[in-house]
Amino acid sequence: MSILNSIIQSILQAIYEILPISASAHSAAFHEFAGKADGSFSSLTGIIHIGIAVGIIAASYGVFMKMGKEFFGTFADIFGRNIKGSSKKPARRFMYYTLVSFCPLILWLIPCGGAGFLFSVLRRTSYNGTLLDEGIFLLVTGAVVIAAARQLKLSRNDKSINLVFAIVTGVIVLLMLPLAGFSLIGGIFAVLILLGVSRRPALRYTLVISAPVMLVLGIVETCLGESVGVIEGIIGAVLSVVASFILVKVLRFIIKNNYLKYFGIYDLGVGFIIGIVGIFQLALN
């Protein structure tokens, strides 16, 4: 049964993380109905997140290779006193902006007394005895995804990533990752589209930001979560890599053919149902 659980969890979690349908909302709803909404998690979740990050990197190998080259090339240019000239290269600027987007995440380490750090405080919205939060945030996700799909259809975005967009992306990750109900990849991409960024750089930037975040999150969860069997862990790692690799290709197809709106509609429907359940939970409690 544990092996079957590893298979199912790997595939479903990859689907929920890559496609704009909120892994955290579905996970919170499952644990709530299963009576396990206590905030605990297993190392398998972390292993799967690491696998998803690897799958994203593999599916966008060229982009990550270029970013890595530009990152290490920066140090060579510093010693060669050519940093100003290299910063004018589009690829180098793109890499710099990704680093800027990670800066706001330092705020997760703000101490909040006995509640722990800010990240822990925000994450507790998933385990507060009601699904109302998840329902509201999933409704917001659905509305933003639908708005982005409409913009892609009605207008031609022509902007590139700039410093302001990089900071906005960092704030999005800061809030969306720990708060259950938001879709990290879907949220970043949709907001960038609404800001006028072209479809292709918006998706590339979304994946370049999401993979390292998933990787770090997975490492933390693997170290702190409940132990899992070796076989289950290997199955979870392999399947999550393969599934996420395929799903990144699927996501590109969805965006290219303007099918994004259907996922927004799904988010609205599920968010409404979860929200209603949350209202009843509040009333009964």
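Before reading further, recall that the structure is shown in the block above.
Residues numbered from 1 in each chain as written. Predicted model: local features only at pLDDT ≥ 70, side-chain atom pairs only at ≥ 80, totals over all residues. Heavy atoms only, no water.

Colleague: Please give an account of the packing of helix α1 (residues 2-18) against helix α12 (residues 230-256) that cites residues and values.
Modeller: In the contact formed by α1 and α12, the axes pass within 8 Å of each other and the chain directions differ by 25 degrees. Classified by the interaxial angle, the pair formed by α1 and α12 is roughly parallel. Once α1 is placed against α12, the crossing between them reads as right-handed. Taking contact as the criterion, the partners of Ser2, Ile3, Ser6, Ile7, Ser10, Ala14, Ile15 and Ile18 in α1 are, on α12, Ile231, Glu232, Ile235, Gly236, Leu239, Ser240, Ala243, Ser244, Leu247, Val248 and Leu251. When its residues are assigned to classes, the contact of α1 with α12 shows twelve nonpolar, six polar and one charged. (Axes fitted to C-alpha atoms, helices over the stretch in contact; angles between N-to-C directions. Helix = DSSP H or I, 4+ residues; strand = E, 2+ residues; numbered from the N terminus. Parallel < 35°, antiparallel > 145°, perpendicular 65-115°, else oblique. Left-handed = near helix turned anticlockwise from the far one by under 90°. Contact = heavy atoms within 4.5 Å. Nonpolar A, V, L, I, M, F, W, Y, C, P; charged D, E, K, R; others polar.)

Colleague: So what's going on with the packing of helix α6 (residues 90-102) against helix α9 (residues 163-176)? Which residues, and what values?
Modeller: Following both chains from N to C, one finds α6 and α9 inclined at 35 degrees, their axes separated by 7 Å at the closest point. Of the two possible hands of crossing, α6 and α9 adopt the one that is right-handed. Within the contact between the two elements, α6 uses Tyr97, Val100 and Ser101 and α9 uses Leu163, Ala166, Ile167, Thr169 and Gly170. In terms of residue class, the contact of α6 with α9 is built from five nonpolar, three polar and no charged.

Colleague: Report on the environment of Phe245, specifying residues and quantitative values.
Modeller: Counting through the fold element by element, Phe245 comes out in helix α12. Once the C-alpha coordinates of Phe245 and Ala58 are considered, the two residues, 187 residues apart in sequence, prove to be 6.6 Å apart. Sequence-distant contacts of Phe245, that is, excluding residues within four places in its chain, are made with Gly55, Ala58 and Ala59.

Colleague: Account for a nonpolar patch on the surface, naming residues and giving values.
Modeller: The grouping of Ile3, Leu4, Ile7, Ile8, Ile11, Leu12 and Ile231 at the surface amounts to a nonpolar patch, some 550 Å² of accessible area in total. In terms of residue count, α1 provides more of the nonpolar patch than any other element does, six residues in total. Secondary-structure assignment places Leu4 in helix α1. Since its relative accessible area comes to 46%, Leu4 is described here as partly exposed. (Patch = residues over 30% accessible without salt bridge, like charges linked within 9 Å, V, L, I, M, F, W, Y side chains within 5 Å. Areas by Shrake-Rupley, 256 points an atom, 1.4 Å probe, with all protein chains shown as cover. Salt bridge = Lys/Arg side-chain N within 4 Å of Asp/Glu carboxyl O. Buried < 20%, exposed > 50% of the residue type's maximum accessible area, 1.4 Å probe, protein only.)

Colleague: Please give an account of the side chain of Ser210 that cites residues and values.
Modeller: When you line up the elements, Ser210 lands in helix α11 (residues 199-224). Its relative accessible area of 0% is what places Ser210 among the buried residues. If near-sequence neighbours (up to four positions away) are discounted, Ser210 is found in contact with Leu184, Ile185 and Ile188.

Colleague: Break down the pattern of salt bridges for me, with residues and values.
Modeller: Where charged atoms from two side chains of opposite charge approach closely, those side chains can pair. Counted by the stated rule, this structure contains one salt bridge. Arg92 serves as the salt-bridge partner of Glu70, at 2.6 Å between the closest nitrogen and oxygen. Here Glu70, found in helix α4 (residues 61-79), pairs with Arg92, found in helix α6; they are 22 residues apart in sequence, far enough to count as distant. The pair formed by Glu70 and Arg92 is uniform in burial state, with each residue classed as buried.

Colleague: Could you give me a rundown of the packing of aromatic side chains, with the residues and numbers involved?
Modeller: In total, this model carries six aromatic pairs according to the counting rule given. Centre to centre, the rings of Phe94 and Tyr205 are 5.3 Å apart; their planes meet at 90 degrees, and the pair counts as edge-to-face. With Phe94 in helix α6 and Tyr205 in helix α11, this residue pair connects regions lying 111 residues apart in the sequence. As far as the burial class goes, Phe94 and Tyr205 line up, both buried. An angle of 45 degrees between the planes, with centres 6.3 Å apart, marks the rings of Tyr259 and Tyr262 as tilted. For Tyr259, a relative accessible area of 35% puts it in the partly exposed group. (Phe/Tyr/Trp six-rings, centres within 6.5 Å; stacked < 30°, edge-to-face > 60°.)

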